[in-house]
Amino acid sequence: MDRPIFLVGFMGSGKTTWGKKLANHLGLMFVDLDQVIVQRIGMSIPAYFERYGEQRFREIESQLLKEQGGLPAVISTGGGSPCFFDNMQWILQNGLAIYLHLTPKALYNRLQQSNIAARPALKGLAGEALLHFIEEKLREREPFYKQSQIHIDQINTSLEAIGQSIESYEKSI
Ligand code: S3P
């Protein structure tokens, strides 16, 4: 692999968890874009949203995403990363994108068990309102995620299967 692998998908789809495992499996470095942003802005993402708003966050996110070109690594992106500016186009031109697909209900179950406060986009949401938000937001974002070269349905996958999908894709191009 001579370019980065970008894991894309909704919040709670397991980008960081799979990213770490995949990097380890492929012997590549792992980069979490949210962590890169936190290091650069010097505060948590919710604190940054609160103080400067989403627009400024998206500008920094886009800038830092585009600093990740060149080096082979596995990079987990934020749920919104591919959906702003020309970010998805840039990802496709500079790396290999893998979409980690889960249904709204599965995302809901996972997000309910996670720390909602760490995700400003989900602030104040619970129960039916959270499920509805996920369905709507996913509908809006999927056209971006679906441009990925590789789609993984997480219900029936394994590290080996993801590795094989990457290998077959690389052979096909
Ligand atoms: C966001 C997802 C978050 C983070 C930020 C915004 C979003 O990343 O980038 O809170 O708009 O979907 P995760 O997908 O890792 O939660």
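Residues numbered from 1 in each chain as written. Predicted model: local features only at pLDDT ≥ 70, side-chain atom pairs only at ≥ 80, totals over all residues. Heavy atoms only, no water.

(A) Molecular detail of the overall build of the chain. Within the chain, the secondary structure is distributed over eight helices and five strands. For a compact globule of 173 residues, the expected C-alpha radius of gyration is about 16 Å, and the chain comes in at 16 Å, within 12% of that figure. With the principal axes as the frame, the chain shows a C-alpha extent of 45 × 35 × 25 Å. Among the 173 residues that make up the chain, the fraction classed as buried is 45%. In the chain, of all internal contacts separated by at least 6 residues, the share reaching a separation of at least 24 is 75%. Entry remark: accessible area of the chain is about 8800 Å², with carbon and sulfur atoms responsible for 50%. One finds the centroid of the 18 positive side-chain charges in the chain at a distance of 3 Å from the centroid of its 18 negative side-chain charges. (Helix = DSSP H or I, 4+ residues; strand = E, 2+ residues; numbered from the N terminus. Rg over C-alpha atoms; globule rule 2.2 N^0.38 Å. Buried < 20%, exposed > 50% of the residue type's maximum accessible area, 1.4 Å probe, protein only. Contact = heavy atoms within 4.5 Å. Areas by Shrake-Rupley, 256 points an atom, 1.4 Å probe, with all protein chains shown as cover. Lys, Arg positive; Asp, Glu negative; His and termini not counted. Charge placed at Lys NZ, Arg CZ, Asp CG, Glu CD.)

(B) How the structure looks around the packing of helix α6 (residues 104–112) against helix α7 (residues 127–145). As a packed pair, α6 and α7 sit with axes 9 Å apart at the nearest point and diverge in direction by 130 degrees. The angle between α6 and α7 places the two elements in the oblique class. Crossing of α6 against α7: the hand is right-handed. Where α6 approaches α7, its residues P104, K105, L107, Y108, L111 and Q112 are matched on the opposing element by G127, L130, L131, I134, E135 and L138. By residue class, the composition of the contact of α6 with α7 is eight nonpolar, two polar and two charged. (Axes fitted to C-alpha atoms, helices over the stretch in contact; angles between N-to-C directions. Parallel < 35°, antiparallel > 145°, perpendicular 65-115°, else oblique. Left-handed = near helix turned anticlockwise from the far one by under 90°. Nonpolar A, V, L, I, M, F, W, Y, C, P; charged D, E, K, R; others polar.)

(C) View of the pattern of salt bridges. Considering all chains together, one arrives at 11 salt bridges under this definition. Put simply, E170 and R3 hold a salt bridge, and the shortest N to O gap is 3.1 Å. Placement of the pair is E170 in helix α8 (residues 159–172) and R3 in the segment before β1 (5–8), with a sequence separation of 167 residues. For E170, a relative accessible area of 25% translates into the label partly exposed. Between E54 and R58 there is a salt bridge, and its shortest N-O distance comes to 2.8 Å. One end of the pair is E54 and the other is R58, both in helix α4 (residues 54–65) and four residues apart, which spans about a single turn. Judged by relative accessible area, which is 36%, E54 ranks as partly exposed. Through salt bridges that share partners, D2, R3 and E170 make up one connected network. (Salt bridge = Lys/Arg side-chain N within 4 Å of Asp/Glu carboxyl O.)

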